[in-house]
Amino acid sequence: MRTLDSTTSLRIAVQKSGRLTDKTLKLLEGIGLKFDDYKRSLLVRCLNFDVELLLIRDDDIPEYVQDGVCDLGFVGANVVAEDQADVTILKGLEYGVCRLSVAVPKNGDIKKAEDFEGKKIATSYPVLTRNFFEEKGINVKIVTLSGSVEIAPRLEIADAITDLVSTGGTLKANGLVEIDKIFDSETQLVKTNKPLSDGKQALIDKFLQRIEGYQRAEKSRYIMMNAPQESVEKIKKIIPSLRSPTVMPLADNGMVAIHTVITITAFWDLMEELKAAGATGIVMLPIESMIV
Ligand code: ATP
Ligand code: ZN
């Protein structure tokens, strides 16, 4: 078995069990990392890259990275900002998207910012919440709770709350309405600011490149279509290709196959135009990784 050299192998903090866990592990697998059995142990060795994962609570991740216990971490921007951790944000990862919002009881007497003066606000994000109201010059009393913040108004622990929201379903189910937004969040890849060996830094660069390739691939599709030769110029103008598309003659006289890479959003917009320009048999394929 390969032994890990602690001066070059990367230790990466990942949420042990929660909303970010599956998507983070899918991303790591998507960039080619293989793991034994990550459900059983707290420290999981990667089988084919000099990496080990430390599976911990998301709240602990910024501090572990700040202190250099882990070199990298995958964690919500909300947690990094709340902890005011001394780490470097390498990348936004476009999952775990949510917002920290201010919500009040529906039909209550708080309707706008000024109505908060002197009110009690329950939250798990006291730092971000305090800063938000301080910047507006409004005095509020913060009640810090570690969870189930949404029921605080009903229990009369607080007049309003700030909490993470994605769809808004939880707020609605608790008779609350969102009236302001404090912070937009997504999962971030963060790096320690502690000095790293050249070996580790090189591994981080490699790791980042793979993530960038994976992110590009996720947004792109390989498309193939057939078209009459005389449509090629028209089709080329429709496709905003990375490079010029590949055009290959088909056995059928006067017909060509056109292959190219486009973004998924562009595909659905362009499909009708391509058909109108003479393209037939349009096939779209996923791409695993894309290095440009
Ligand atoms: P842990 O046991 O690790 O402390 P947790 O209960 O604090 O877990 P989760 O609910 O799993 O955390 O949320 C983890 C992260 O997912 C949040 O910090 C946030 O970045 C993101 N997230 C995305 N959408 C939501 C949402 N609707 N509610 C809460 N968090 C969300
Ligand atoms: Zn947490």
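Attention here is on the structure that accompanies the text. Please read these numbers as outputs of a predicted model, since none were measured by experiment. (Residues numbered from 1 in each chain as written. Chains lettered and ligands numbered in written order. Predicted model: local features only at pLDDT ≥ 70, side-chain atom pairs only at ≥ 80, totals over all residues. Heavy atoms only, no water.)

**Topic: the packing of helix α1 (residues 21–30) against helix α6 (residues 198–219)**
Reasoning step 1: Here α1 crosses α6 at 100°, and the two axes come no closer than 9 Å. One element, α1, and the other, α6, form an angle in the roughly perpendicular class. Contacts between α1 and α6 involve K26, L27, L28 and G30 on the former and, on the latter, F207, I211, Y214 and E218.
Reasoning step 2: Taken together, the residues of the contact of α1 with α6 sort by class into five nonpolar, one polar and two charged. (Axes fitted to C-alpha atoms, helices over the stretch in contact; angles between N-to-C directions. Helix = DSSP H or I, 4+ residues; strand = E, 2+ residues; numbered from the N terminus. Parallel < 35°, antiparallel > 145°, perpendicular 65-115°, else oblique. Contact = heavy atoms within 4.5 Å. Nonpolar A, V, L, I, M, F, W, Y, C, P; charged D, E, K, R; others polar.)

**As for the coordination of the zinc ion (ligand 2)**
Reasoning step 1: In the first shell of the zinc ion (ligand 2), the protein supplies D58 (OD) and D59 (OD), at 1.9 to 2.0 Å from the metal.
Reasoning step 2: The site at the zinc ion (ligand 2) holds four donor atoms, and with the angles between them running 75 to 173°, its shape is irregular.
Reasoning step 3: We classify D59 as partly exposed; its relative accessible area is 39%. (Donors = N, O, S within 2.8 Å, 3.2 Å for Na, K, Ca; no water. Tetrahedral: all angles 85-135°; square planar, octahedral: opposite > 155°, others 65-115°. Buried < 20%, exposed > 50% of the residue type's maximum accessible area, 1.4 Å probe, protein only.)

**Structural notes on the pairing of strand β8 (residues 141–144)**
Reasoning step 1: In terms of strand pairing, strand β7 (residues 120–123) meets β8 through four bridges, oriented parallel. Looking at the pairing, A122 lines up with V143 of β8.
Reasoning step 2: Handedness of the β7-helix α4 (residues 126–135)-β8 crossover: right-handed. (Pairing = 2+ DSSP bridges. Right-handed = clockwise from strand over helix to strand, strands pointing away.)

**So, the side chain of T123**
Reasoning step 1: Assignment of secondary structure puts T123 in strand β7.
Reasoning step 2: Here the side chain of T123 touches Y125 through a polar contact of 2.8 Å, landing on its backbone nitrogen.
Reasoning step 3: A polar side-chain atom of T123 sits 3.4 Å from a polar atom in the side chain of T129.
Reasoning step 4: Contacts of T123, omitting those with residues within four sequence positions, involve T129, I142, V143, T144, L145, V149 and T162. (Polar contact = N/O pair within 3.5 Å; in protein donor to acceptor, adjacent residues only side chain to side chain.)

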